[in-house]
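# An overview of the molecular structure
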Amino acid sequence: MDNTFLQTFKIQGGNIYNAGKASTEIKAILKQLGINARIVRRVAIASYEAEMNVVMYAKQATLTFEVSPSQISIIVDDEGPGIPDVSLAMQEGFSTATREMREMGFGAGMGLPNIKKNSDYLKIESVIGKGTKVIITLNVN
Amino acid sequence: MLLSSISEILQCDIFCGKEQLSMPIEFGCASDLMSDVLAFSQSGALLLTGLANIQTIKTAHIAEINAVILVRGKKPDISMIAFATEKKIPLLGTRFSMYEACGLLYKIGLDPTMERLKCENENG
């Protein structure tokens, strides 16, 4: 692969039934690009968790997906309430999820830790009342 | 072990993926928490769950779960079956409880895919 691949997705908050569309598409694109299967799975999981966070907590978001010969990056920039304490949110088991989210099998406080586990670099920037930006990067090699 | 053998042992109904029953299954996992499935499962596993909604299949697709079995008589809705069909993930159902279904599969040697959490003082 010589060129950089770039695509953006819009994620709508609130509708849990539509959650996962962007990540499903990202997974298909990475497979088509011939990326190593283990890396494809890690990217898909990190992206899916980030997408679920938007659906569960934010109003909307833009997901920017970029693949270069050396790395894959996913930036999820949302309009939402923001995260008051990022280090607390990174702890396994910490959750502010509603009953509806939990009934769908999510909201167990595994989202951000799971994104970290499946990425090589993770940065979270959050402003209360404005939104959260999650930057996920994985090395291709 | 083949999915067809698992289906027989658990006396499964097959909601979709009948043509994939000859698929080999090496290990299994069981959870109603999709975040746990994403965090701790391995590619190619069988998932037993009581969570009968489309999010289960979306999670299975992302985590590369080979097949899903709904426990304790849970029935999938049309959207769940349609998505499983589209993603070629066999979707089955058993009347056994989660505990019984796991026990039966463990007894015949289906390995777990999720790692056991180590105690803090446990070495290695």
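Residues numbered from 1 in each chain as written. Chains lettered and ligands numbered in written order. Predicted model: local features only at pLDDT ≥ 70, side-chain atom pairs only at ≥ 80, totals over all residues. Heavy atoms only, no water.

Our next topic: the pairing of strand β4 (residues 121-127) of chain A. All names here are of chain A. Two elements, β4 and strand β5 (residues 131-139), share 7 bridges in a ladder whose sense is antiparallel. Bridging across to β5, Y121 finds its partner in T137. The hairpin formed by β4 and β5 contains 3 residues between the paired strands, and G129 there has a positive phi angle of roughly 85 degrees. (Pairing = 2+ DSSP bridges. Helix = DSSP H or I, 4+ residues; strand = E, 2+ residues; numbered from the N terminus.)

Looking now at the interface of chain B and chain A. Taken residue by residue, the interface counts 22 residues in chain B and 23 residues in chain A. Regarding the contact of chain B and chain A, the summed buried area is about 1900 Å², with carbon and sulfur atoms giving 54% of it. Summed over the three residues of chain B that lose the most area to chain A, namely L38, Q55 and I62 of chain B, the buried surface amounts to 33% of that side. Applying the counting criterion to the chain B and chain A interface returns 1 salt bridge. K27 of chain A serves as the salt-bridge partner of E64 of chain B, at 3.5 Å between the closest nitrogen and oxygen. The interface formed by chain B and chain A includes 10 residue pairs in polar contact (both at pLDDT 80 or more). Sorting the residues of the side of chain B that touches chain A by element identifies α2 (34-40) and α3 (54-63) of chain B as the ones contributing at least two each. (Contact = heavy atoms within 4.5 Å. Buried area = accessible area lost by both parts, 1.4 Å probe. Salt bridge = Lys/Arg side-chain N within 4 Å of Asp/Glu carboxyl O. Polar contact = N/O pair within 3.5 Å; in protein donor to acceptor, adjacent residues only side chain to side chain.)

This brings us to the pattern of salt bridges. Oppositely charged side chains are able to pair whenever their charged atoms sit close together. Overall, the coordinates contain 6 salt bridges over all chains when judged by the stated rule. Close ionic contact of E125 of chain A with K123 of chain A constitutes a salt bridge, the shortest N to O distance being 3.2 Å.

Bringing the pairing of strand β3 (residues 71-79) of chain A into the picture now. Residue and element names in this part refer to chain A. Note: strand β2 (residues 60-67) against β3, 8 bridges, orientation antiparallel. Looking at the pairing, T62 lines up with D77 of β3. Hairpin geometry of β2 and β3 is characterised by an intervening segment of 3 residues between the two adjacent antiparallel strands. Across 7 bridges, the pairing between β3 and β5 is antiparallel. Bridge pairing links I75 to I135 in β5.

Turning next to the side chain of S31 of chain B. All names here are of chain B. Turning to its location among the elements, S31 is positioned in the loop between β2 (27-30) and α2. Overall, S31 belongs to the buried group, its relative accessible area being 9%. Engagement of the side chain of S31 in a polar contact is seen with the backbone nitrogen of L33, the distance being 2.9 Å. When neighbours within four sequence positions are excluded, S31 is seen to be in contact with D36, V37, L47, L48, T49, M98 and M114. (Buried < 20%, exposed > 50% of the residue type's maximum accessible area, 1.4 Å probe, protein only.)

For the rest of this paragraph, the subject is the nonpolar core. The biggest cluster of nonpolar side chains holds 64 residues, and the ones touching the most others in it are L30, L63, F65, I72 and I136 of chain A together with I65 and V68 of chain B. The element contributing the most residues to this core is helix α2 (residues 37-57) of chain A, with 12 residues. Excluding anything up to four places from it in sequence, F65 of chain A contacts F5, L6, Q7, F9, I26, I29, L30, I72, S73 and I74 of chain A. By size, the runner-up hydrophobic cluster in this structure holds 16 residues, among which are L3, L21, L46 and L105 of chain B. (Core = buried A, V, L, I, M, F, W, Y, C linked by side-chain atoms within 4.5 Å.)

Once that is clear, we can look at the environment of I74 of chain A. All names here are of chain A. Tracing the sequence through the fold places I74 in strand β3. When its relative accessible area of 1% is taken as the criterion, I74 is described as buried. Taking the C-alpha atoms as reference points, I74 and I135, separated by 61 residues in sequence, lie 6.1 Å from one another. When near neighbours in sequence (up to four residues on either side) are disregarded, I74 contacts I26, V43, S47, L63, T64, F65, V134, I135 and I136.

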